[in-house]
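# Fold and contact review
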Amino acid sequence: MMRPTLVKWAMDWATLQRSLGNPLYLIYSEQWMAVWDLSVTVEDLGADAPPVTLSVTSDLHIGGVILKLVEKTQIQQDWSDHALWWEQKQKWLLRTAWALEKYGIHADARLVFMPQHKSLKLGLPNCKTLKLRASFSTPVFQTVIGICRMLNIRHPEELSLLRPIEEKRKKKDKDITEELYDLTEVPLSAASRPCMHNGMPAHFADSAQMEAVYKMLSVTQPPPAPEVVAKQYRPASVVDKAHINGRWLDSSRSLLQQGIQENDRLWLRFKYYAFYDIEPKYDVVRLTQLYEQARWAILLEDIDCTEEEMMLFGALQYHINKVAQSEPQLVASAAAMDDLESALQCLEVKLEGESSSASDMLDNMTAPELNDYLKIFRPKRLTLKGYKMYWFKFKDTSISYFKSKEECFGEPIQQINLKGCEVAPDVNVAASKFLIRLLIPSPEGMNEIYLRCEDEQQYAQWMAACRLGSKGKSLADSSYQSEIQSICSFLAMQKTNSGSGKTPTADESINTYSLVSPRYHKKYKAKQLTPRILDAYQNVSLLSLTDAIMRFLQIWQSLPDFGLSYVVVRFKGSRKDEVLGIAPNKLIRIDLGVGDVVKTWRYNNMKQWNVNWDIKQMAIEFEGNVNIAFSCVTADCKIVHEFIGGYIFMSTRSREKSNTLNEELFHKLTGGHEAL
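First, a word on what this report is: a plain description of the structure on this page. (Residues numbered from 1 in each chain as written. Predicted model: local features only at pLDDT ≥ 70, side-chain atom pairs only at ≥ 80, totals over all residues. Heavy atoms only, no water.)

## Quick notes on the state of the cysteines
- Tallied over the entire structure, the rule returns 0 disulfides.
- Free cysteine Cys-453: the closest other cysteine sulfur is in Cys-466, separated by 8.0 Å.
- The exposure class of Cys-453 is buried, given its relative accessible area of 3%. (Disulfide = S-S within 2.5 Å. Buried < 20%, exposed > 50% of the residue type's maximum accessible area, 1.4 Å probe, protein only.)

Spelled out as structure tokens, the structure:
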């Protein structure tokens, strides 16, 4: 073997001769100049097998190295999935046309020849575990796309992989083998959508065993036993929640680059709470797994809710489980004509929505108004002032209020444009509390306003109007009445039926501790929880299975803290740690000591954001000359950068582009200095 210094001299000499066009070089360079030994470990030969030594030249391309390697092993098998991994650089050598010299590979390089797809244990939102083959060589974003394609989950950009949190296991439980649903034999398809057979992807229709796997994916699981809930990790504080978000994998790098090995366990979860284009007919698995993730978030108190909302969640879980046992959830094979008719109806609705912009503009010129007396409250620190009553007028997308009805033709006390604001409910039907919480964007952050309504009907009308106004729509919009009906239906579910005279029957005995979070196990006895859950159940007992799941998700999405992913950060110029809440449309600065929201910044006011990768600091510039900078404490700043860029990417999706996923744009927005 030539010494490294001699090899370097020979390579320099060869470069000179090549530039001069020396014919002797062209004839003898391969035989004399840079022939050196390259050691490659072949994984298929076994862990104890010595590396295979190849005689190579620096201008030999990677494909040539692989060809020599296969010839020397003399093993007859399919090598098409294999590739070279550079151990020191933690890098895949996937450009087979590149020469060793271009990659910078020398004799001291440690290369491994291994399959690009390996087995992976995947924990699903329903707490079941799959074993499947996943790509260890492509960026995680593409790996997740492949997994979702196999499982028949649309819009894979909403999901990602994270390192799991270990369950609390007792010594006697350690010997219990975990149930695995094996999909390792399923071939990976390059098609954007799998071929369907009997309402399921064709690879699930091959055998009864595979059909059982699809049933596990697409059918809601029964309520978990209290001891199962107790084993799960339950975050005790916002800091605990922040540590979980530090476990997300980098979407721009491969599994192997992030230290994930064959048969390691990862979680597949919905990462971005911006669920687009949910169609129950086509999203059976997606809807089921989303419900399971929402249910566990409620049971493990990952998101806060009121006692009345918890009873309603418990009632819906009870109803969903009851109906799921009697109503088949797998999508049956419908007649081709029915599918065609449904598709045409869906297309007609979409075309009507897209072609109505001109008529909407005409309607807005004479848009109807909403007028009534409401109470308003602006919460400020160190103030004891309560609600004050004014005459309110809703017109176009703005709310104006006056001292009285008689003064409504003059100048208002204030006019508030609701376009782009946030609207959240604060309701307790039993206590006759009907509040509308408005967060109005301003250069300093978000201004908070509460509107108090007198009864359900008034609340439904004004809440529907505020929601439309926040989307830039007026009361002339065709969805106004349906929005009112949806709100009234939601309020009806929270009503108690104690005066109806109906008492729970014996066959309706339920395990209440499986339906509510552990906090209520300590606060109430089962006999106290049962009538309250069954009371709420009477309001949802007529819902179909799909409607019940959709209603569960709607109530989950209406919770004040829905969609918030927390990270502990240190703002520039501050001496204490604070919490940054990352939502689908905003960033929230939260005081870690008292939990109060200090500032809010919306993405649509963001001009640019940058990351200083050397000092791990993120800087964001907003309109109005507002600049913030912070370093991350509980997560890498790449994770925060990816959250923000990911949500901005989600906002670019549209129906016109719903069948295509712009991977390049996703990586540009989330990849940072490693953007592909």
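Moving on from the coordinates now.
## Focus on helix H16 (residues 526-537)
- In this model H16 runs 16 Å from its N-terminal to its C-terminal C-alpha over 12 residues, within 8% of the 16 Å that 1.5 Å per residue would give.
- What H16 keeps buried is the set Leu-529, Thr-530, Ile-533, Leu-534, Asp-535, Ala-536 and Tyr-537.
- Looking at the packing, one finds that the buried side of H16 touches helix H10 (307-326), helix H14 (480-494) and helix H15 (518-523). (Helix = DSSP H or I, 4+ residues; strand = E, 2+ residues; numbered from the N terminus. Expected span 1.5 Å × (residues − 1). Contact = heavy atoms within 4.5 Å.)

## Description of the sheet that holds strand E22 (residues 586-590)
- Spatially, E23-E22-E21-E20-E26-E25-E24 is the arrangement adopted by the 7 strands of the open sheet, whose pairing is antiparallel. Across the chains shown, the open sheet's two edge strands, defined by having one partner strand only, are strand E23 (597-602) and strand E24 (606-612). Averaged over all pairs of adjacent strands, the angle between strand axes in this sheet comes to 30°, irrespective of strand direction.
- When strand E25 (residues 617-622) meets strand E26 (residues 626-632), the two strands line up antiparallel, connected through 6 bridges. Across the sheet, the residue bridging to Phe-622 is Val-626, located in E26.
- Across the face of the sheet, helix H8 (residues 238-245) comes into contact with strand E20 (565-571) and strand E21 (578-582) while running at roughly 100° to E20. (Pairing = 2+ DSSP bridges. Axes fitted to C-alpha atoms, helices over the stretch in contact; angles between N-to-C directions.)

## Digging into the packing of H10 against H16
- Relative orientation of the contacting elements H10 and H16 amounts to 70°, with a least axis distance of 8 Å. Compared by their axis directions, H10 and H16 come out roughly perpendicular. Of the residues in H16, those in contact with Glu-307, Met-311, Leu-312, Gly-314, Ala-315, Tyr-318, His-319 and Lys-322 of H10 are Leu-529, Arg-532, Ile-533, Leu-534, Ala-536 and Tyr-537. (Parallel < 35°, antiparallel > 145°, perpendicular 65-115°, else oblique.)

## Brief notes about the side chain of Arg-286
- Within the element layout of this structure, Arg-286 appears in helix H9 (residues 284-299).
- On the basis of relative accessibility, which here comes to 2%, the residue Arg-286 falls in the buried class.
- Side-chain polar atoms of Arg-286 contact the backbone oxygen of Asp-277, separated by 3.5 Å.
- Not counting residues within four places of it along the chain, the set of residues in contact with Arg-286 comprises Ile-153, Arg-154, His-155, Glu-158, Phe-270, Phe-275, Tyr-276, Asp-277 and Ile-278. (Polar contact = N/O pair within 3.5 Å; in protein donor to acceptor, adjacent residues only side chain to side chain.)

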